[in-house]
Amino acid sequence: MGKASKDKRDIYYRKAKEEGWRARSAFKLLQIDQEFNIFHGVKRVVDLCAAPGSWSQVLSRNLYVPAKQSPDCKEGDLPLIVAIDLQPMAPIEGVIQVQGDITNARTAEVVIRHFDGCKADLVVCDGAPDVTGLHDMDEFVQSQLILAALTIVTHVLKVGGKFVAKIFRGKDTSLLYCQLKLFFSQVTFAKPKSSRNSSIEAFAVCENYSPPEGFKEEDLYHLLEKVGTPSGADDLDCRSGWLEGPNKVYIPFLACGDLSGYDSDRSYPLPSTEGGSYRSLDPVQPPIAPPYKTALEMKKASSHGASADTIRPSADS
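Residues numbered from 1 in each chain as written. Predicted model: local features only at pLDDT ≥ 70, side-chain atom pairs only at ≥ 80, totals over all residues. Heavy atoms only, no water.

Engineer: Is there a simple way to think about the confidence of the model for the protein chain in this case?
Structural biologist: As a note on interpretation, predicted positions should not be read in detail where pLDDT is low. Scored by pLDDT, the protein chain comes out at a mean of 84, with 86% of its residues at no less than 70. Predicted confidence is poor over residues 235–240, with pLDDT under 50, and the contacts of this stretch with residues over four places away or in other chains come to 7 contacts. (pLDDT = per-residue confidence, 0-100. Contact = heavy atoms within 4.5 Å.)

Below, the structure written as structure tokens:
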């Protein structure tokens, strides 16, 4: 009953299982590509915070598999996809998995080695912290995760490349926008149709990577700290100063995906089957080593212990 109820309340959750995606987030990347054509001409791509692997699946199905099935494609022409996460994930066709920290320069070196010394055309990141429900806190932690992703982006992304990352919209969104604009000539915040309207989630679509002249990767955070305003002033409050007078920033914001398609906040009737009753599908690929595995095992052991104590006969019986 529980799984069927979620299938009814979340159409993208149900469709993900039906189409073989590991998570509903796959539709977000697909809808971003429909709007921005981010996969065009991509031969080398990095998926940051990749587990459980739905975005890596999208990359595999849209880049690797079509190239592999093409009769004109040679072995050396196949797209290279590198997925990075601290957690391991089940294998995906055409995806090289690296278990590592995205803030570590050594991880960037591993990626470049897989690319035979070349750099990536595209970097994507769907990572997010465990949300607290305190929007200001969640927005801050998420922005720090994006800047951590930007650390590896500056090492592995080629000039002219693209970067897509999840953001949480809030009062400091202007600061994040201007920080990204330091490195990309075009930055758009996008809201895919499959992202719930009730969520503060959106995605930064950054195009044409063009770092400042003379930029060194080790100076990234010193540069970000000195971000003033798009006009060059450095004496204004980074949260509110840009929103007034001549320094006002209008952040490009775009809804993407088929706007006449499924509504992520709406419940849809379950499809009828020949037997008359709907059967909910299991998830495509459960996590193979989730961080909460130990907690579940401890809870299961304690519940079994409590049950044993309940049925154990007393000494007087």
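And the narrative resumes.
Engineer: Would you take a moment to explain the side chain of Gln-57 for this structure?
Structural biologist: Counting through the fold element by element, Gln-57 comes out in helix α4 (residues 54–69). What Gln-57 contacts, discounting residues up to four positions off in sequence, is Gly-20, Trp-21, Arg-22 and Ile-92. (Helix = DSSP H or I, 4+ residues; strand = E, 2+ residues; numbered from the N terminus.)

Engineer: Sorry, what's going on with the UniProt feature "active site" (unreviewed entry) in the protein chain here?
Structural biologist: Within the UniProt annotation, "active site" (unreviewed entry) is assigned to Lys-166. Turning to its location among the elements, Lys-166 is positioned in strand β5 (residues 157–168). Residue Lys-166 is classed as buried on the basis of its relative accessible area of 11%. Setting aside its immediate chain neighbours within four residues, Lys-166 contacts Cys-125, Asp-126, Gly-127, Ala-128, Gln-142, Ile-146, Glu-201, Ala-202 and Phe-203. (UniProt positions renumbered as here; feature names shortened; annotations may be inferred. Buried < 20%, exposed > 50% of the residue type's maximum accessible area, 1.4 Å probe, protein only.)

Engineer: In this structure, what is going on with the packing of helix α5 (residues 105–114) against helix α6 (residues 135–156)? I would like to understand it.
Structural biologist: Two packed helices can be described by the angle between their axes and the distance between those axes. Running from N to C, α5 and α6 point in directions that differ by 40°, and their axes come no closer than 9 Å. The orientation of α5 with respect to α6, classified from their angle, is oblique. Read as a crossing pair, α5 and α6 show a hand that is right-handed. In this structure, α5 contributes Thr-107, Ala-108, Val-111 and Ile-112 to the contact, and α6 contributes Ile-152, His-155 and Val-156. (Axes fitted to C-alpha atoms, helices over the stretch in contact; angles between N-to-C directions. Parallel < 35°, antiparallel > 145°, perpendicular 65-115°, else oblique. Left-handed = near helix turned anticlockwise from the far one by under 90°.)

Engineer: Honestly, α4 in this entry has me stumped. Any pointers?
Structural biologist: Helical geometry note: an α-helix holds 3.6 residues per turn, so side chains three or four residues apart project in the same direction. With 16 residues, α4 ought to run about 22 Å at 1.5 Å a step, and its terminal C-alpha atoms sit 21 Å apart, in line with that. Along α4, the largest kink reaches about 40° and is centred on Ser-60. Considered for burial, the residues of α4 that qualify are Ser-54, Trp-55, Ser-56, Gln-57, Val-58, Leu-59, Ser-60, Leu-63, Tyr-64, Val-65 and Ala-67. (Expected span 1.5 Å × (residues − 1). Bend = angle between axes of the 7 residues up to and from the residue.)

Engineer: Please explain the pattern of salt bridges as it appears in this structure.
Structural biologist: Side chains carrying opposite charge are able to pair once their charged atoms draw close together. Enumeration over the complete set of coordinates arrives at 9 salt bridges. Residue Asp-10 is joined to Arg-196 by a salt bridge in which the shortest nitrogen-to-oxygen separation is 2.5 Å. Placement of the pair is Asp-10 in the loop between α1 (2–9) and α2 (11–19) and Arg-196 in the loop between β6 (184–192) and β7 (201–209), with a sequence separation of 186 residues. Using a relative accessible area of 4% as the deciding quantity, one classes Asp-10 as buried. Put simply, Lys-166 and Asp-126 hold a salt bridge, and the shortest N to O gap is 3.4 Å. Residue Lys-166 is found in strand β5, and its partner Asp-126 is found in the loop between β4 (120–125) and α6; the two are separated by 40 residues along the sequence. For the residue pair Lys-166 and Asp-126, the accessibility class agrees, reading buried in each case. (Salt bridge = Lys/Arg side-chain N within 4 Å of Asp/Glu carboxyl O.)

Engineer: So what exactly am I meant to see when it comes to the pairing of strand β1 (residues 44–48) here?
Structural biologist: Consecutive side chains of a regular strand alternate in pointing toward one face of the sheet and then the other. Of all 5 residues in β1, 4 are buried; the element is thus mostly enclosed. In the sheet, β1 pairs with strand β2 (residues 80–85) via 5 bridges, with the strands oriented parallel. Among the inter-strand pairings, Leu-48 is bridged to a residue of β2, identified as Ile-84. You can see the chain leave β1, run along α4 and come back into β2, and the turn it takes is right-handed. (Pairing = 2+ DSSP bridges. Right-handed = clockwise from strand over helix to strand, strands pointing away.)

Engineer: How do you make sense of the UniProt feature "binding site: S-adenosyl-L-methionine" (unreviewed entry) in the protein chain when you look at a structure like this?
Structural biologist: The positions UniProt marks with the feature "binding site: S-adenosyl-L-methionine" (unreviewed entry) are Gly-53, Trp-55, Asp-85, Asp-101 and Asp-126. Looking at the secondary structure, you find Gly-53 in the loop between β1 and α4. Note on Gly-53: relative accessible area 0%, which makes it buried. Not counting residues within four places of it along the chain, the set of residues in contact with Gly-53 comprises Arg-22, Met-89 and Ile-92. Residues contacting Asp-85, with those up to four places away along its chain left out, are Cys-49, Ala-50, Ala-51, Val-98, Gln-99 and Gly-100.

Engineer: Explain the environment of Trp-55 to me, please; I cannot follow it from the model alone.
Structural biologist: Mapped onto the secondary structure, Trp-55 falls in helix α4. When the C-alpha positions of Trp-55 and Ser-25 are compared, they lie 7.3 Å apart, and in sequence the two are 30 residues distant. Once residues within four sequence positions are removed from consideration, Trp-55 is found in contact with Ser-25, Ala-26, Leu-29, Asp-47, Val-124, Cys-125, Asp-126, Val-164 and Phe-203.

Engineer: So what exactly am I meant to see when it comes to the environment of His-135 here?
Structural biologist: Inspection of the secondary structure assignment puts His-135 in helix α6. Look at His-135 and you get partly exposed, because its relative accessible area is 49%. For the pair His-135 and Ile-200, spaced 65 residues apart in sequence, the C-alpha to C-alpha distance is 8.1 Å.

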